[in-house]
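What the coordinates show
Chain by chain, the residues run as shown.
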Amino acid sequence: MVGPGLGAAPLENANPLIYRRSGERPVTAREEDDELPDAIDDREIFDLIRSINDPEHPLTLEELNVVEQMRVKVDDAQSTVSVEFTPTIPHCSMATLIGLSIKVKLLRSLPERFKLDVHITPGTHASEHAVNKQLADKERVAAALENSHLLEVVNQCLSARS
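No experiment lies behind these values; they were computed from the predicted model shown.

1. Overview of the pattern of salt bridges
As a working rule, side chains carrying opposite charge can pair if their charged atoms are close by. In this structure the tally under the stated criterion is six salt bridges. D47 is the salt-bridge partner of R50, the closest N and O atoms lying 3.1 Å from each other. Through salt bridges with shared partners, a single network forms among R43, D47, R50 and E62.

Take a look at the structure:
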């Protein structure tokens with residue numbers, strides 16, 4: 001069920017649109033000062049997920065416009081993070097894997113106090129409700145990550161491309 005980049009099946013979207021990466025965020029003096037509290041913001045979350053690899057193409061989720069900074073919402077005071085992602089095609093069979101990869105990256109990167117909501121941008125996928133339900137179910141996510149093959153695919157999505 002993974003594309004040629006990671007496994008076997010033919011490409012679902014052989015010619016995806018490729019978007020320009022946004023520039024790196026300049027680090028402010030306040031962020032460098034270890035004495036000051038540094039709240040987590042939308043851009044910091046976007047920076048964590050922008051370089052996740054697409055499971056089907058040798059491109060990042062940012063390059064495919066699957067993730068955009070404007071679709072990331074953080075409330076540091078309430079410890080909530082919400083990420084909407086947009087599959088490249090309405091019948092993308094990789095949508096759950098992409099959402100799982102985003103969720104795992106955030107689970108591994110953020111303090112445990114954060115409640116994560118990773119979901120498909122409304123109206124952009126044929127199985128949006130079913131995928132969102134799977135991603136919101138902690139037990140299903142935990143069970144998916146106990147599957148060694150699936151975990152290996154997620155780790156490939158999260159690894160740096162050489």
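There's plenty left to go through after this.
2. Considering the side chain of T86
Tracing the chain through its elements places T86 in the loop between β2 (80-85) and α3 (95-109). Within the local environment of T86, its side chain forms a polar contact with the side chain of T121, the two groups lying 2.7 Å apart. Residue contacts for T86: discarding those within four places in its chain leaves N65, V66, R71, T121 and T124.

3. Quick word on the nonpolar core
Among the nonpolar cores identified, the biggest contains 37 residues, and I45, V81, F85, I102 and L106 are the most heavily contacted of them. At the level of secondary structure, the elements contributing two or more residues to this core comprise α2 (42-49), β1 (72-75), β2, α3, β3 (115-120), α4 (128-136), α5 (138-146) and α6 (148-158). The greatest single-element share of this core, amounting to seven residues, is contributed by α3. Residues within four places of F85 in sequence aside, it is in contact with V66, V67, A95, I98, G99, I102, V118, H119, I120, T121, T124 and L135.

4. Structural notes on unusual backbone geometry
The backbone phi angle of N65 is positive, close to 65 degrees, even though this residue is not glycine. Of note, N65 is situated in the loop between α2 and β1. In this structure, S79 takes a positive phi of about 60 degrees despite not being glycine. By secondary structure assignment, the location of S79 is in the loop between β1 and β2.

5. Quick notes on the pairing of β1
The two faces of β1 differ: V72 and V74 on one face are buried, but K73 and D75 on the other face are not. Pairing of β1 with β2 involves four bridges; the strand directions are antiparallel. Bridge assignment links V72 to a residue of β2, and that residue is V83.

6. Brief notes about the environment of L135
Within the secondary structure, L135 sits in helix α4. It is 7.2 Å that separates the C-alpha atoms of L135 and T96, two residues lying 39 residues apart in sequence. Filtering out sequence-adjacent residues up to four positions away, L135 remains in contact with F85, T96, G99, L100, K103, V118 and V141.

7. Brief notes about α4
Among the residues of α4, those classed as buried are V131, N132 and L135. For α4, the angular spread of the buried residues around the axis is 95 degrees, confining them to a single face. The outward face of α4, more than 90 degrees from its buried face, is lined by the exposed residues H129 and K133.

Definitions and limits used
- Residues numbered from 1 in each chain as written.
- Predicted model: local features only at pLDDT ≥ 70, side-chain atom pairs only at ≥ 80, totals over all residues.
- Heavy atoms only, no water.
- Salt bridge = Lys/Arg side-chain N within 4 Å of Asp/Glu carboxyl O.
- Helix = DSSP H or I, 4+ residues; strand = E, 2+ residues; numbered from the N terminus.
- Polar contact = N/O pair within 3.5 Å; in protein donor to acceptor, adjacent residues only side chain to side chain.
- Contact = heavy atoms within 4.5 Å.
- Core = buried A, V, L, I, M, F, W, Y, C linked by side-chain atoms within 4.5 Å.
- Buried < 20%, exposed > 50% of the residue type's maximum accessible area, 1.4 Å probe, protein only.
- Pairing = 2+ DSSP bridges.
- Arc of directions from axis to C-beta.

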